[in-house]
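Structural overview for review
For reference, the chains in residue letters:
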Amino acid sequence: MMKTLAQERRQRLAVAMRESGIDLLLLYGNAWQADYLRYGADFGILEGHGIALIATDGAAELYLDSAVEAERAEAEAPLVRVHFAPDIARAVGARLDRLAGQRLAAAPRRFLPHYLADPARGFALDDATALVDTLLMHKSESEIAAVRRAAQIADEAYEVFLHSVRPGRRQFEIVADVEAYLRRRGCPDNFMIIGSGGKDVLGMTPPSERRIAPGDLVTTELTPAVDGYFAQICRTLVVGPATHAQQRAFAVFVEALEEGIAAIRPQARAADVARAENDVFRKYDLGQYTTSQWTRVRGHGMGLFADSKPHLLEDVNTGLEPGMTLIVHPNTYHPEAGYMVLGDAVLVTERGSEVLCRTPRRLFEVAA
Amino acid sequence: MRRGLISRSLTELPDAVLDQRLDRLRRAMATAQLDALVIYTNNTRPAGVSWLAAFVPYWSEALLVVPRDGAPYLVAALTFRVKTWIERTSRLGDVLHNPRVGLKAAQQIAGAVAKNAVVGVVDFDGLPAGIADDLREGGPDLVFRDASELFATIRTKADPAEIALATKAAAIARHALTQASGETLNVMIAGIERQARLNGAEEIYIAAAPDLAREARFARIEGEAALGRSFALRATVAYKGAWVRLVRTFCESDIAQQAPARFAHAVAQLPSERGFASGFDSWLIEGCRLTQPLEALMGSGFAATTPLAPGALVSAQATLQIDGLIVPVGAPALLGGEGEAASVLVDPL
């Protein structure tokens, strides 16, 4: 990735630390929750634990408990001093023991190895999660550019998905095609789940051995990353011609997505977007399908994590501001059609929003 | 996140295999006077829970609770909408859903076993701090003990099912690496990854040293990378919870042939490291002790943290110098019993 982006992030982090009186910041990461670590250490961790120590001058040290990850970090993040530490918690603890009198903080603190957060240690770690969350949510122009490129690749990858789905193919074979396309494009990471079948399907999961059948609804959430920044697209297709019931149901999702995006503007709250989406379902007496029994969130932030803050839910009052990137997706179950998904990546702008995905909001049909 | 095939095979991992593992664990728990055992899982540290219950999380986190008397159950942060998927891909007595998995697990143990039950926690020091706090909040009178050594002891020696799964993972990796063709590195990586996923890989990570004349360290390729006359690829493959690494150098055929033979000769002498003493620039042995699938166990760059146990599965990799060329090579291996040589599971070529 461009070193200017990594340096820019580190500089923002150092400024925020100085303003908060933090002398040293620990950023924890693993392959699931990798964004805090990547923000400060510019390393996309895949295996084991990683902990970056960031100083107020922007200098970064990275501790990794996987030997192959440490070697990879040396090659991929040359501006960071890398340490391989099989017992990472004790290695970092020993380092912190030497920093008496300094104010230490960690993010996300709840994920830190228990050993480091234990009150028995000779040091205390304040919780800097909210501080780093603010930086993760508010993207610079360079970060937005990466999300835009990821959204473009998401559109292209959905085209690959459309061509890959045909009767008889198994779900994991379809995902293999999409992943291969992304690697050809030089895109090393993706978050992707899939669903296929009829009204018995309640959501999406990793791919199974289930074979695509005529009449299936096939759903996917596809989320490639560029320079570590994820952008998501959600679409639904039918194998064969869509029924009137499926078309009617899908129209609700289109309307909900449009209303959700229309609610995005500076000063609006995450809750306003979720409410705008859900009001459409309520209008059609489908309000129960907006609850946690049927759906997890109505969208979420996107960035160095595929499922970033803020979550779009009616009880999340995070204010939206220019530079935030979101996926708005009113994905849920529809009693007449089954589980459907539809979502676009969106940038919050000074005047409202800009949709980053270009794929038509259609209920696609592929040959049965 | 995992996005390969996650599925339970009753042929490759029958109930009887999991039952025997649980029996061994329960006997060890009884000796240690533990009333219950708790193991954490996420997509980075899945290997403890997958070994006992076949559950592999594609995302999020969970705790497996194994009562000394009673069926193991999962407390998952994933929502109940994926309950049927979890049940389909795992073998569990029950699945409970709660975003605070530590709190729920502790409440469950305190309620069903005893308020002051003694609970072993695998890798307690490495448990996420928020979950450790929640365990204490949910069971203020529970007694928590680290159970890492107990767990490592019972799972170190691979059983036949584990060896079979690792051999299959190695075969997937080897076959995938044979698909390394095309004009650019990205096209090669795409072909390898597609083949591995089509063959049922749960996960595959490809790292490359694109030009061994300039750099022998492996990196994940983002964007484009220019290929040298000799280069190496490392495939890390998971298949139904078994993880292996295979490293192959693409270079002049004489050298390419020599390297695996010299490597296999050195591996055969494990757990002694003397096979790597001459002709190797570096070497690394990884294996699973607790929850991390491939943990560094010994290597040229650090002091051994854990003695290699007879009958353990490991992944070995090394770098040789042959005729002035740096040649990385690697393969999974099975360590021998007393007086037996270790053996690679598959030829990396």
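Residues numbered from 1 in each chain as written. Chains lettered and ligands numbered in written order. Predicted model: local features only at pLDDT ≥ 70, side-chain atom pairs only at ≥ 80, totals over all residues. Heavy atoms only, no water.

1. Quick look at the overall build of chain B
Under the convention used in this document: In this description a helix means any DSSP run of H or I spanning at least four residues, a strand means any run of E spanning at least two, and both kinds are numbered starting from the N terminus. Here the globule rule reads 2.2 Å times residues to the power 0.38, and the radius of gyration is calculated from C-alpha atoms. Residues count as neighbours in contact if any of their non-hydrogen atoms are within 4.5 Å of one another. Using a 1.4 Å probe, accessible areas were evaluated by the Shrake-Rupley method; residue-level cover was limited to the displayed protein chains. In this tally Asp and Glu are treated as negative and Lys and Arg as positive; neither His nor the chain ends contributes. Note on charges: their place is set at NZ of Lys, CZ of Arg, CG of Asp or CD of Glu.
A count of helices and strands for chain B gives 9 helices and 14 strands. Computed over C-alpha atoms, the radius of gyration of chain B comes to 21 Å, within 12% of the 20 Å expected from 2.2 N^0.38 for 349 residues, which places it in the range of a compact globule. Within chain B, contacts between residues at least 6 apart in sequence are counted, and of these 62% link residues at least 24 apart. With an accessible surface of roughly 12700 Å², chain B has 49% of that area assigned to carbon and sulfur atoms. Between the mean site of the 35 positive side-chain charges and the mean site of the 37 negative ones, chain B shows a separation of 4 Å.

2. Things to note about the overall build of chain A
Applicable threshold: Relative accessibility thresholds used throughout: buried, under 20% of the residue-type maximum; exposed, over 50%; partly exposed, between the two (1.4 Å probe, protein chains only).
The helix and strand tally for chain A stands at 10 helices and 17 strands. Taking all 368 residues of chain A together, 67% fall into the buried category. Looking at chain A alone, contacts between residues at least 24 apart form 65% of all its contacts between residues at least 6 apart. Of the roughly 12700 Å² that chain A leaves accessible, carbon and sulfur atoms contribute 48%. Positive and negative side-chain charges in chain A, numbering 41 and 49 respectively, have mean positions lying 1 Å apart.

3. A closer look at the pairing of strand S3 (residues 60-64) of chain A
Residues and elements named next belong to chain A. What counts, and what does not: Only strands joined by at least two bridges in the DSSP assignment are considered to pair. If the strands point away from the viewer and the path from the first strand over the helix to the second runs clockwise, then the crossover is right-handed.
Burial runs high along S3: 5 of the 5 residues are buried. Of the two faces of S3, the one lined by Ala60, Leu62 and Leu64 and the one lined by Glu61 and Tyr63 are each fully buried. Between strand S2 (residues 50-55) and S3, which pair antiparallel in sequence order, lie 4 residues; one of them, Gly58, sits at a positive phi of approximately 90 degrees. Pairing analysis gives 4 bridges linking S3 to strand S4 (residues 81-84), with the strands arranged parallel. Bridged to Leu64 within S4 is Phe84. The handedness of the S3 to S4 crossover, carried by helix H3 (residues 67-76), is right-handed.

4. Here we look at the domain arrangement of chain B
All names here are of chain B. Our working definition: As used throughout, domain bounds are those supplied by an automatic or database domain assignment. The quantity reported as buried area is the accessible area (1.4 Å probe) lost by two parts once they are put together, taken as the sum for both. Any Lys or Arg side-chain nitrogen located within 4 Å of an Asp or Glu carboxyl oxygen qualifies as a salt bridge. Identification of polar contacts relies on pairs of N or O atoms within 3.5 Å, with a donor-acceptor requirement for protein atoms, meaning one able to donate a hydrogen and the other able to accept it, and with residues adjacent in sequence counted only if both atoms are side-chain atoms.
Looking at the assigned domains, one finds that chain B contains domain 1 (15-155) and domain 2 (160-344). Carbon and sulfur atoms supply 58% of the area buried between domain 1 and domain 2, which totals about 1100 Å² over both sides. For the pair domain 1 and domain 2, the number of links is 2 salt bridges. The residue Glu149 makes a salt bridge to Arg289 at a minimum N-O spacing of 3.9 Å. Our count for the domain 1 to domain 2 interface comes out at 4 residue pairs in polar contact (both at pLDDT 80 or more). Put simply, the parts of the chain that give the side of domain 1 that touches domain 2 at least two residues each are helix H1 (15-32), strand S1 (36-42), helix H2 (47-53) and helix H6 (148-155). Looking at the side of domain 1 that touches domain 2 element by element, the count peaks at 5 residues for H6.

5. So, helix H4 (residues 88-97) of chain A
Residue and element names in this part refer to chain A. Stated precisely, the cut-off is as follows: Our arc is simply the arc of the directions from the helix axis toward the C-beta atoms.
Among the residues of H4, those classed as buried are Ile88, Ala89, Val92, Gly93, Arg95 and Leu96. The buried residues of H4 all sit within an arc of 160 degrees when viewed along its axis, so they share a single face. Tucked into the core, H4 has its buried residues touching strand S1 (24-29), S2, S3, strand S5 (104-107), helix H5 (114-117) and strand S6 (125-127).

6. Examining the interface of chain A and chain B
Just so we agree on the cut-off: Throughout this entry, Asp, Glu, Lys and Arg are counted as charged residues, while Ala, Val, Leu, Ile, Met, Phe, Trp, Tyr, Cys and Pro are counted as nonpolar. The remaining residues, Gly among them, count as polar.
Facing the 68 residues of chain A at the interface are 59 residues of chain B. Summed over both sides, the interface between chain A and chain B buries roughly 5300 Å², with carbon and sulfur atoms accounting for 57% of that surface. Taken together, chain A and chain B are joined by 9 salt bridges. We note a salt bridge from Arg217 of chain B to Glu74 of chain A, for which the minimum N-O separation is 3.8 Å. At the surface where chain A touches chain B, the tally comes to 20 residue pairs in polar contact (both at pLDDT 80 or more). Looking at the side of chain A that touches chain B, the elements that each hand over two or more residues are H3, H5, helix H8 (171-184), strand S7 (189-197) and strand S8 (217-226) of chain A. At 9 residues, the largest contribution of residues to the side of chain A that touches chain B is made by H8 of chain A. Of the residues in the side of chain A that touches chain B, the class split is 31 nonpolar, 15 polar and 22 charged.

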